[in-house]
Amino acid sequence: MNPFAPTPRSTPQFYLQSVVSFAAASVGLGVGVVLLPVDLWMRAFLGMGLLYVITATFTLAKCVRDRQDDQAAAAAARQYQEWNGTEQVPQPR
């Protein structure tokens, strides 16, 4: 029997590039907000906006990943049902 070994979705270099890019963008924008020549309450508002965008980005990325994983699991279940032959395969909508 041949065990299933999934291939990684991205290389370690791509992951490192993504982390460095995210860190550079976040730090750069954070420094820009701190050094902006406006009142403290305006800087605080922009800083909160930056944090909101970052958390919303992580949430969206997780939702997209979960949706893709669900679709892959559904496809694997359909393939197993076809191979097993015990249940009728539901037709895709």
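These remarks concern the structure in this document. (Residues numbered from 1 in each chain as written. Predicted model: local features only at pLDDT ≥ 70, side-chain atom pairs only at ≥ 80, totals over all residues. Heavy atoms only, no water.)

**Points about the environment of Leu-29**
Using the following cut-off: Helix and strand definitions follow DSSP, with helices as H or I runs of at least four residues and strands as E runs of at least two, each counted in order from the N terminus. Only protein chains enter the accessibility calculation, which uses a 1.4 Å probe; a residue whose area is less than 20% of its type maximum is buried, one above 50% is exposed, and one in between is partly exposed.
Here Leu-29 shows up in helix H1 (residues 12–35). Overall, Leu-29 belongs to the partly exposed group, its relative accessible area being 46%. C-alpha of Leu-29 to C-alpha of Leu-50: the two residues are 21 residues apart in sequence and 7.9 Å apart in space.

**Focus on the environment of Ala-44**
Assignment of secondary structure puts Ala-44 in helix H2 (residues 40–84). The exposure class of Ala-44 is partly exposed, given its relative accessible area of 43%. Separated by 11 residues in the primary sequence, Ala-44 and Val-33 place their C-alpha atoms 8.4 Å from one another.

**Observations concerning the packing of aromatic side chains**
So the rule is basically this: For Phe, Tyr and Trp, where Trp contributes only its six-membered ring, two rings pair if their centres lie within 6.5 Å, and the inter-plane angle classes them as stacked under 30 degrees, edge-to-face over 60, or tilted in between.
The tally for this structure, following the rule as stated, stands at one aromatic pair. Between Phe-22 and Phe-58 the ring centres are 5.4 Å apart and the planes differ by 70°, which places this aromatic pair in the edge-to-face class. Pair noted here: Phe-22 is in helix H1 and Phe-58 is in helix H2, with a separation of 36 residues, a long-range link. Accessibility expressed as a relative area gives 36% for Phe-22, which makes it partly exposed. Residue class for Phe-58 comes out exposed when judged on its relative accessible area of 52%.

**Re the pattern of salt bridges**
Our working definition: For this document, the term salt bridge refers to a Lys or Arg side-chain nitrogen within 4 Å of an Asp or Glu carboxyl oxygen.
Applying the stated criterion across every chain yields a total of two salt bridges. Between Lys-62 and Asp-66 there is a salt bridge whose closest N-O contact spans 2.5 Å. Here Lys-62 pairs with Asp-66, and both are found in helix H2, just four residues apart, close to one helical turn. Assessed through its relative accessible area of 24%, Asp-66 is described here as partly exposed. One salt bridge in this structure joins Asp-66 and Arg-65, with 3.3 Å as the shortest N-O distance. In this structure Arg-65 comes out as partly exposed when scored by relative accessible area, which is 41%. Taken together, the shared-partner salt bridges in this structure form one network comprising Lys-62, Arg-65 and Asp-66.

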